[in-house]
Amino acid sequence: YNSETIEVTFVYGKLNTVVARYVDENGKDIIEPIETSDVVGENYKTIKKTFKDYDFIEVIGNEEGQYKEEAIEVIYKYNKKSGKLVINYVDEDGNSIIESVEKTEKVGTSYKTTKETFKDYDFVEVDGKEEGKYIDGTIEVTYIYKNAVGDVEIPEEPIEPPHTDATVTTSEILLYFEDKKKYTK
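Values in this document were obtained by computation on a predicted structure and should not be read as measured data. (Residues numbered from 1 in each chain as written. Predicted model: local features only at pLDDT ≥ 70, side-chain atom pairs only at ≥ 80, totals over all residues. Heavy atoms only, no water.)

Novice: Lay out the sheet that holds strand 1 (residues 15–23) with the relevant residues and their values.
Specialist: Strands in a sheet are paired, the pairing made by backbone hydrogen bonds, and the direction either parallel or antiparallel. With respect to topology, four strands assemble into an open sheet ordered 2-1-6-4, the strand pairing being mixed. Every interior strand has two partners, whereas the edge strands, strand 2 (34–39) and strand 4 (54–60), have only one. Taking each pair of neighbouring strands and ignoring which way they run, the sheet shows an average axis angle of 20 degrees. Pairing of strand 1 with strand 6 (residues 72–80), which is carried by six bridges, proceeds in the parallel orientation. If you follow valine 23 over to strand 6, its bridge partner there is lysine 77. (Pairing = 2+ DSSP bridges. Helix = DSSP H or I, 4+ residues; strand = E, 2+ residues; numbered from the N terminus. Axes fitted to C-alpha atoms, helices over the stretch in contact; angles between N-to-C directions.)

Novice: So, the nonpolar core: which residues are in play, and what are the values?
Specialist: A general tendency of soluble globular proteins is for nonpolar side chains to be buried together. By size, the foremost hydrophobic cluster in this structure holds 11 residues: Val18, Ala20, Tyr22, Tyr44, Phe51, Tyr54, Tyr67, Ile72, Val74, Tyr76 and Tyr78. Mapped onto this core, the elements with two or more residues apiece are strand 1 and strand 6. Per element, the largest residue contribution to this core is four residues, and it comes from strand 6. By size, the runner-up hydrophobic cluster in this structure holds 10 residues, among which are Tyr89, Phe118, Ile139 and Tyr143. (Core = buried A, V, L, I, M, F, W, Y, C linked by side-chain atoms within 4.5 Å. Buried < 20%, exposed > 50% of the residue type's maximum accessible area, 1.4 Å probe, protein only.)

Novice: Explain the environment of glutamate 58 to me, and be specific about the residues and the numbers.
Specialist: Note on placement: glutamate 58 falls in strand 4. When its relative accessible area of 34% is taken as the criterion, glutamate 58 is described as partly exposed. Considering only alpha carbons, one finds glutamate 58 and lysine 77, 19 residues apart in sequence, at a separation of 5.3 Å. Here glutamate 58 is in contact with Ile75, Tyr76 and Lys77, once residues within four sequence places are set aside. (Contact = heavy atoms within 4.5 Å.)

Novice: Explain unusual backbone geometry to me, and be specific about the residues and the numbers.
Specialist: At aspartate 120, a residue that is not glycine, the phi angle is positive and equals roughly 70 degrees. Counting through the fold element by element, aspartate 120 comes out in the loop between strand 9 (110–112) and strand 10 (121–127).

Novice: Describe the pattern of salt bridges, with residues and values.
Specialist: If you walk through the whole model with that rule in mind, you get seven salt bridges. A salt bridge links glutamate 69 to lysine 14, with the nearest nitrogen and oxygen atoms 3.6 Å apart. Of this pair, glutamate 69 sits in the loop between strand 5 (64–66) and strand 6 while lysine 14 is found in the segment before strand 1, placing the two residues 55 residues apart along the sequence. The exposure class of lysine 14 is partly exposed, given its relative accessible area of 47%. Of the charged contacts, one joins lysine 84 and glutamate 102 as a salt bridge, the two residues approaching to 3.4 Å between their closest N and O atoms. With lysine 84 in strand 7 (residues 82–91) and glutamate 102 in strand 8 (residues 101–106), this residue pair connects regions lying 18 residues apart in the sequence. The structure contains a network of salt bridges with shared partners spanning Arg21, Asp29 and Glu73. (Salt bridge = Lys/Arg side-chain N within 4 Å of Asp/Glu carboxyl O.)

By themselves, these are just geometric observations and shouldn't be taken as functional.
Here it is, written out as structure tokens:
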């Protein structure tokens, strides 16, 4: 214990707050607002944050300044990132059966693809996740089909029709159709 006199000075001032909000494009909070308090006239500084699935758009209000008589709100606005889904329908050689289907949605939105039915093609397999959630990037789902008709072989030399020794005249053919019965000679 010291016998010297200690002088303590108390400074009184009105306290007020600064609220930093981090919201999406619809005004919904991404995280809980951050509130700080200090004496009116003191300096404040808020911080722009980064979020995995969001892009920063704008700040509404002063990011830094002095505490005022009234509460201060600083709003950091973000846009949820979009992802892309590409659905391909191809044959076993990678040739498109129909044009690819492309869809864009916000990251985290659910998707579900469907296997299609095509005339003269049988489904073989799917490459990629048939359902899931959009990501920050591109998701590809490829449905692979095989030709159900099979390969048609074209001979190198032309095929000759079978020959017969029978001769038929035009009048004999006409008689056949007129009688609507088998013609015999």
